[in-house]
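# Structural features, examined
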Amino acid sequence: MDIRIGQGYDVHSLAEGLPMWLCGVRIESPTGFVAHSDGDVAIHALCDALLGAAALGDIGKHFPDNSDEWKGIDSKILLARVCEMLEDLGWSVGNADITIALQSPKLSPYIQTMRETLAEVMRTAVDRISVKATTTEHLGFVGRREGCEVWAVVTICK
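This text gives an overview of the structure that appears in the document. (Residues numbered from 1 in each chain as written. Predicted model: local features only at pLDDT ≥ 70, side-chain atom pairs only at ≥ 80, totals over all residues. Heavy atoms only, no water.)

## Describing the sheet that holds strand β7 (residues 147-157)
As a reminder, the rule being used: At least two bridges found by DSSP between two strands is the condition for calling them paired. Helical segments are the DSSP runs of H or I of at least four residues, strand segments are the runs of E of at least two, and each set is numbered from the N terminus. In this analysis an axis means a line fitted to C-alpha atoms, helices contributing only their contacting stretch, and an angle means the value between N-to-C directions, from 0 to 180 degrees. We call two residues in contact when some of their heavy atoms are within 4.5 Å.
An order of β4-β1-β7-β5-β6 is seen for the five strands of this open sheet, with the pairing classed as mixed. Each edge of the sheet is formed by a strand with only one pairing partner; in this case those strands are β4 (31-33) and β6 (129-134). Averaged over all pairs of adjacent strands, the angle between strand axes in this sheet comes to 20°, irrespective of strand direction. Note that strand β5 (residues 92-101) and β6 share six bridges and pair parallel. Residue pairing in the sheet places Ile-100 in a bridge with Ala-133 of β6. In the packing of helix α1 (residues 41-53) onto the sheet, contacts are made with β1 (3-16), β4, β5 and β7, and the angle to β1 comes to roughly 155°.

If you want it as structure tokens, here you go:
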């Protein structure tokens, strides 16, 4: 069995009046992510981790942020396409572990729904998907509520 590990990282800034999407779930918040797509920074990091594990480049290579084709797109569609690319090459998802750094709002009420949403899009079991949230104790751009950063680690198997 061939097993690979991939890691992904993404950042988006926050602005008033925009929707906040994380792991395919709409989060109640007065601020949302500034982005070309729907701004789901967690799915973007996850896509990068999956693509990296399969040595397929990064999300910008496949879905450039200067293309009208991807403007405003639901990031779940991007994730589904990345998973299809991997499946076409014979890869399956072993597991995914995602850490979201966001000062507010609190994400604990959304975590299970996030896991279920990602598992459905990725066509895998919920127990293979981990989503964790943390703050930065008011330090840095995350602590000042200027943005969000996400790290994702995955294993894929063939």
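## A word on helix α4 (residues 111-122)
The test is simple: Working rule for helices: expected span equals 1.5 Å times residues minus one. Relative accessibility decides the category of a residue: with a 1.4 Å probe and only protein chains considered, values under 20% of the type maximum give buried, values over 50% give exposed, and everything between is partly exposed.
Taking 1.5 Å per residue, 12 residues should reach 16 Å; α4 reaches 16 Å between its end C-alpha atoms and fits that length. Every buried residue of α4 is listed here: Ile-111, Met-114, Arg-115, Thr-117, Leu-118, Ala-119, Val-121 and Met-122. As for α4, its buried residues are in contact with β2 (20-22), β3 (25-27), α1, α3 (75-88), β5 and β6. Residue Arg-123 follows α4 closely and has a positive phi angle near 55°.

## Concerning the packing of aromatic side chains
To keep things clear, this is the line we draw: Aromatic rings from Phe, Tyr and Trp, with only the six-membered ring used for Trp, were paired whenever their centres fell within 6.5 Å, and each pair was classed as stacked if the ring planes differed by under 30 degrees, edge-to-face if by over 60, and tilted otherwise.
Overall, the coordinates contain one aromatic pair when judged by the stated rule. Seen in terms of ring centroids, Tyr-9 and Trp-151 are 5.6 Å apart; in terms of plane orientation they differ by 50°. Their pairing is tilted. Taken as a pair, Tyr-9 in strand β1 and Trp-151 in strand β7 lie far apart in primary sequence, 142 residues in all. Residue Trp-151 is classed as partly exposed on the basis of its relative accessible area of 35%.

## Looking at the environment of Glu-146
Keep this limit in mind: By the criterion applied in these results, polar contacts are pairs of N or O atoms within 3.5 Å in which, for protein atoms, one can donate a hydrogen and the other can accept it, and in which residues neighboring in sequence qualify only through two side-chain atoms.
As for its position among the elements, Glu-146 is in the loop between α5 (140-143) and β7. Judged by relative accessible area, Glu-146 falls into the partly exposed class, the value being 39%. Between the C-alpha atoms of Glu-146 and Phe-33, which are 113 residues apart in sequence, the distance is 9.7 Å. In this structure, Glu-146 is in contact with Ser-13, Leu-14 and Phe-141, ignoring residues within four places of it in sequence. Within the structure, the side chain of Glu-146 is placed 2.9 Å from the side chain of Arg-144, a separation counted as a polar contact.

## Examining the layout of surface pockets
As a reminder of what qualifies: Both site types are read off a 1 Å grid over the protein atoms alone. A 1.4 Å probe that fits but cannot get out defines a cavity, while an open set with protein on both sides within 12 Å along at least five of seven lines defines a pocket; lining residues have an atom within 4 Å of a point. Grid points are joined across faces, edges and corners, and a volume is the space filled by probe spheres set on the points. Ten residue types, Ala, Val, Leu, Ile, Met, Phe, Trp, Tyr, Cys and Pro, are classed as nonpolar, four, Asp, Glu, Lys and Arg, as charged, and the remainder, Gly among them, as polar.
Within this model, the largest pocket holds a volume of roughly 210 Å³. Taken together, 14 residues line the largest pocket, and the ones lying closest to its centre are Ser-37, His-44, Ile-59, Phe-63 and Asp-65. For the lining of the largest pocket, the secondary structure elements donating two or more residues are β1 and α2 (59-62). Counting residues per element, the lining of the largest pocket draws most heavily on β1, at three residues. In terms of residue class, the lining of the largest pocket is made up of seven nonpolar, five polar and two charged.

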